[in-house]
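# Examination of the molecular architecture
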Amino acid sequence: MSRKRSRSLTRALPVSPSVVLLLLFLAGPIAYCAYIAFTDLQLTGQAEDSFVGFDNFRTAFGDEAFLNAVWLTLVFTVISALLGQNTLGLGLAMLMQRASKPVRTLTGGIVVTAWVLPEVVAGFLLYAFFRREGTLNAILDQLHLPTQNWLFTLPILAVSFANVWRGTAFSMLVYSAALNEIPKEITEAAEVDGAGGWRRMWHITLPMIRRSIGTNLMLITLQTLSVFGLIWVMTRGGPGGKSQTLPLFMYEEAFQKSMIGYGTAVALLLLVVGSLFSVVYLRLLRTEV
Amino acid sequence: MTPMTSMDRSRRYPSSLRSPSSRRTTHRLAADAGLLVLAATFVLPLAWVVLSALDPSANLRVKVPDGITLDNFDAVLTPEITFTPLLNSLLLCGGGTALTVVCAALAAYPLSRFRSRFNRPFLLTILFATSLPITAIMVPVYALFVRVNLIDTMEGTIFFFAASQLPFAIWLMKNFMDGVPKELEEAAWTDGASSLQSLLRIVLPLMGPGVAVVTVFSFVMMWGNFFVPFMLLLTPDQMPASVSINDFFGNRGMVAYGQLAAFSIVYSTPVILLYVLVARRMGGGFALSGAVKG
């Protein structure tokens, strides 16, 4: 072995614990996932699993519960991530640019606390908020507006709002950082030229932070696709599957119905969608590495 | 609480007199009012948990407590409800974090210090892995753990926690390490120090805040994680607080809202404190500064 080669090996040595850990516990399960998605592996009873080709996927696309979960995942992602977290986060960040310091610090503190709380705790707080006897109905009552049992009538909307409550801080922090990078001469110059607030936002601010908008949208979509605990605590995916997004569907098929093979096929689809988003995210960052 | 450093840094209003200052004041008041309305909405669920924890007869609404009591805390601060789950959480997350930080620091060193044609593909893979939905692989991880007898073991869960947090930790650590000038080590190398010595004696001490951020971030992510222990642990005695709180809620939370609120506060306080501790260093609380900037 040449000396140069052995030196580069010594230098690469410190990376090996990470590589081993990542191969065994991350790459391994992903490969295993790709394998059992094509088998009929079950939790109990069965002696051996056998290769079933694309059967699981065929079953999935003919399964109404699966299509329902796909639809709800879309609704959940669009309402809570793309519309809710993203817009509210940008709005908060923009208001913070203008607001006075105490108000800014107070609001930031509250929004970030919601984000730092453990997922399950956030689930309880929002469960209490949306329950029939909860705070939301108490407020609606005060305003003489009709109340209802939100977790039963509109569960997907309730969990979407819960995800907005919990996740908005992330977008707010991304956009605050991005807005702080805009040189203030540019906005001032536009102001001198007589551009009003909306036009300044549309023609100057938004184009200047477009890369942050792109990365933020990717990241919050990925985070939202993998939300499990929040929905589990609030509704368990119910009632009658009305808030069952793909992760909850996957869990139910794999463990409550013992169809590990089928559940994994759904997981693989989720993983593929996630990977596509990841690749787009990498393209957005390509100048960084 | 002051997590918002980057916002505090935001621009001052220009002192020029181009537009009437009264308009500025109006703008500021409007922005303040808007923020306060949003803050009031966001604070409602938080207000519920704080008020209910102190309320002797809490229900599901935000209301003025019927008196202040610490009975709810008294009731949950028992080994069975609080101390054992928190200790389990501490073991799992402490173990996972330690493993993550050590592996990430070792891996980041050659990536930051030596040029190699493997660096770029490796970093791209790492970055790709940071955004994979971990939730999606939990079913196969469960099946795999059953096969290799790691299911329902603390060490198996710790290994998985570390592996799932590693990509991001390596990425952050490498970015922080890039900020430490190389010249300092070159002197040490001339004196015959090995790579490991210069990493331990020179680089890591100089990037203390960076190491703190990676440590706290990993710990907070694991502390709040519900799905991983929920899937990989089975014995109730081994369950961390994130899972046991759910049983508590299912079994008696339906009546004991005050106790549930008190437990939520006890369980959440460590991560909130840790977050406040490093928020300044993260630059606007922005944990992903390395990954998302631009």
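The written sequence of each chain sets the order in which its residues are numbered from 1. To label them, take the chains in the order written and letter them from A, then take the ligands in the order written and number them from 1. With pLDDT at 70 or above as the cut-off, local features in this predicted model cover only qualifying residues; side-chain atom pairs require 80 or more to be listed or tallied, and sums for whole chains, interfaces and linings still use all residues. Hydrogen atoms and water are omitted, and side-chain values are computed over all heavy atoms in the structure.

### Quick notes on the overall build of chain B
- Helix and strand content of chain B: 14 helices and 0 strands.
- Tracing chain B from N to C terminus, the helices and strands come up as α-α-α-α-α-α-α-α-α-α-α-α-α-α.
- We call two residues contacting when some pair of their heavy atoms lies within 4.5 Å. Put simply, of all contacts in chain B between residues at least 6 apart along the chain, 71% involve residues at least 24 apart.
- About 12,800 Å² of surface is accessible on chain B, with carbon and sulfur atoms providing 64% of the total. Here a helix means four or more residues in a row that DSSP labels H or I, a strand means two or more in a row labelled E, and each is numbered from the N terminus. Each accessible area value is a Shrake-Rupley result obtained with a 1.4 Å probe; residue values ignore everything except the protein chains displayed when judging cover.

### Comments concerning the overall build of chain A
- When you go through chain A residue by residue, the secondary structure sums to 15 helices and 0 strands.
- Burial status across chain A gives 56% buried among its 289 residues.
- Roughly 12,900 Å² of accessible area belongs to chain A as shown, and the carbon and sulfur atoms make up 64% of that amount. Here's how the labels work: a residue is buried when its accessible area is under 20% of the maximum for its type, exposed when over 50%, partly exposed in between, all with a 1.4 Å probe on protein chains only.

### Notes on the UniProt feature "transmembrane region" (unreviewed entry) in chain A
- UniProt positions are given in the numbering used here, feature names are shortened, and annotations may be inferred rather than shown by experiment. When the UniProt feature table is mapped to this numbering, "transmembrane region" (unreviewed entry) covers residues 65-84, 105-130, 150-175, 217-239 and 259-282 of chain A.
- Helix and strand shares over residues 65-84 of chain A are 100% and 0% respectively, and the end C-alpha atoms of the span are 26 Å apart.

### Quick word on the layout of surface pockets
- Using a grid of 1 Å spacing that covers the protein atoms alone, one calls a set of points a cavity when a 1.4 Å probe fits there but cannot get out, and a pocket when the set is open and has protein on both sides within 12 Å along at least five of seven lines; lining residues are those with an atom within 4 Å of a point. Grid points are joined across faces, edges and corners, and a volume is the space filled by probe spheres set on the points. Taken as a whole, the second largest pocket holds about 670 Å³ of empty space.
- Forming the boundary of the second largest pocket are 20 residues, of which A:Ser8, A:Leu9, A:Ala12, B:Ser116 and B:Phe118 lie nearest the centre.
- At the level of secondary structure, the elements contributing two or more residues to the lining of the second largest pocket comprise α1 (3-12) and α2 (16-36) of chain A together with α4 (79-113) and α5 (119-130) of chain B.
- A per-element tally of the lining of the second largest pocket places α1(A) first, with 7 residues.
- Its residues assigned to classes, the lining of the second largest pocket comprises 10 nonpolar, 4 polar and 6 charged. Amino acids are sorted into nonpolar (Ala, Val, Leu, Ile, Met, Phe, Trp, Tyr, Cys and Pro), charged (Asp, Glu, Lys and Arg) and polar (every other residue, Gly among them).

### Observations regarding the interface of chain B and chain A
- On the chain A side, the residues contacting the 100 residues of chain B number 106 residues.
- Between chain B and chain A, a total of about 9,300 Å² is buried, with carbon and sulfur atoms accounting for 75% of that surface.
- For salt bridges, the criterion is a side-chain nitrogen of Lys or Arg within 4 Å of an Asp or Glu carboxyl oxygen. Joining chain B to chain A, the criterion identifies 0 salt bridges.
- Residues adjacent in sequence count toward polar contacts only when both atoms are side-chain atoms; beyond that, a polar contact is any pair of N or O atoms within 3.5 Å, and within protein one must be able to donate a hydrogen and the other to accept it. Our count for the contact surface shared by chain B and chain A stands at 7 residue pairs in polar contact (both at pLDDT 80 or more).
- Considering every element that reaches the side of chain B that touches chain A, the biggest residue donor is helix α2 (residues 21-54) of chain B, with 18 residues. We define buried area as the total accessible area lost by two parts upon association, computed with a 1.4 Å probe and summed across both.

### Describing empty space enclosed by the protein
- All told, the structure shown has 3 cavities of 30 Å³ or more when counted by the stated rule.
- The volume enclosed by the largest cavity comes to roughly 1,300 Å³.
- Looking at the largest cavity, it is lined by 50 residues, and the ones nearest its centre are A:Arg166, A:Gln223, A:Ser226, B:Phe217 and B:Met221.
- When residues of the lining of the largest cavity are traced back to their parent elements, those giving at least two are α5 (101-116), α9 (155-181) and α12 (210-225) of chain A together with α5, α7 (154-178), α10 (208-224), α11 (227-232) and α13 (257-279) of chain B.
- In terms of residue count, α10(B) provides more of the lining of the largest cavity than any other element does, 7 residues in total.
- The class makeup of the residues in the lining of the largest cavity is 34 nonpolar, 14 polar and 2 charged.

### Concerning the side chain of A:Ser160
All names here are of chain A.
- Looking at the element boundaries, serine 160 is found in helix α9.
- Given a relative accessible area of 0%, serine 160 falls into the buried group.
- From its side chain, serine 160 meets the backbone oxygen of isoleucine 156 in a polar contact 2.7 Å long.
- For serine 160, the residues in contact, after removing those within four places along its chain, are Phe76, Ile79 and Ser80.

### Notes on the confidence of the model for chain B
Residue and element names in this part refer to chain B.
- In predicted models, pLDDT denotes the confidence assigned by the predictor to each residue on a 0 to 100 scale. Looking at chain B, the pLDDT average stands at 82 and 85% of residues meet or exceed 70.
- Taken as a whole, residues 1-18 scores under 50 in pLDDT and shows 50 contacts with residues more than four places along the chain or in a different chain.
- Long-range and interchain partners of residues 284-294, a stretch whose pLDDT sits below 50, account for 39 contacts in this model, where long-range means more than four residues apart.

### Some words on unusual backbone geometry
- Non-glycine residue A:Ser258 carries a positive phi angle of around 60 degrees.
- If you trace the backbone, A:Ser258 turns up in the loop between α14 (246-256) and α15 (260-284).
- Of note in the backbone geometry, B:Asn149 takes a positive phi value of approximately 60 degrees without being a glycine.
- Judged by its relative accessible area of 64%, B:Asn149 is exposed.

### As for the pattern of salt bridges
Residue and element names in this part refer to chain A.
- Tallying each qualifying case throughout the model produces 5 salt bridges over all chains.
- For aspartate 55, the salt bridge identified is with arginine 58, shortest N-O distance 3.1 Å. Here aspartate 55 pairs with arginine 58, and both are found in helix α3 (residues 55-62), just 3 residues apart, close to one helical turn.
- Aspartate 55 gets classed as partly exposed once you look at its relative accessible area, which sits at 36%.

### Quick notes on the packing of α4(B) against helix α9 (residues 195-206) of chain B
Residue and element names in this part refer to chain B.
- Here an angle of 0 to 180 degrees is reported between the N-to-C directions of two axes, which are lines fitted to C-alpha atoms, with helices fitted over the stretch in contact. With their axes 11 Å apart at the nearest point, α4 and α9 run at an angle of 95 degrees to one another. In terms of orientation, α4 and α9 fall into the roughly perpendicular class. Where α4 approaches α9, its residues Ala105, Leu106, Tyr109 and Arg113 are matched on the opposing element by Ser195, Leu196, Ser198, Leu199, Val203 and Leu204.
- Of the residues in the contact of α4 with α9, the class split is 7 nonpolar, 2 polar and 1 charged. Under this scheme an angle from 65 to 115 degrees is roughly perpendicular, one under 35 degrees roughly parallel, and one over 145 degrees roughly antiparallel; angles in between are oblique.

### Topic: the environment of A:Gly91
- Mapped onto the elements, A:Gly91 comes out in helix α4 (residues 64-98).
- Since its relative accessible area comes to 30%, A:Gly91 is described here as partly exposed.

### Focus: the packing of α4(B) against α13(B)
All names here are of chain B.
- Packing of α4 against α13 leaves a shortest axis separation of 11 Å and a crossing angle of 20 degrees. Here α4 lies roughly parallel to α13, going by the angle between them. Between α4 and α13 lies a crossing of right-handed hand. Contacts between α4 and α13 involve Ile81, Thr82 and Leu86 from the former and Phe263, Val266 and Tyr267 from the latter.
- Along the lines of polarity and charge, the residues of the contact of α4 with α13 split into 5 nonpolar, 1 polar and no charged. Here a crossing is called left-handed whenever its near helix is offset anticlockwise from the far helix by less than a right angle, and right-handed whenever the offset is clockwise.

### Section: a nonpolar patch on the surface
All names here are of chain A.
- Two distance rules govern patches: like charges are joined within 9 Å, and nonpolar side chains (Val, Leu, Ile, Met, Phe, Trp, Tyr) within 5 Å, applied only to residues with over 30% relative accessible area and no salt bridge. A cluster of nonpolar side chains, Val78, Leu82 and Leu83, forms an exposed patch at the surface whose accessible area comes to about 230 Å².
- Summarising the element assignment, leucine 82 is placed in helix α4.
- Assessed through its relative accessible area of 33%, leucine 82 is described here as partly exposed.

### Focus: the UniProt feature "transmembrane region" (unreviewed entry) in chain B
Residues and elements named next belong to chain B.
- In the numbering adopted here, UniProt assigns the feature "transmembrane region" (unreviewed entry) to residues 86-109, 121-145, 157-173, 211-234 and 254-278.
- For residues 86-109, the end-to-end C-alpha separation is 34 Å, with 100% helix and 0% strand making up the annotated structure.
- Helix makes up 83% of residues 211-234 and strand 0%, whereas the separation of the span's terminal C-alpha atoms amounts to 33 Å.

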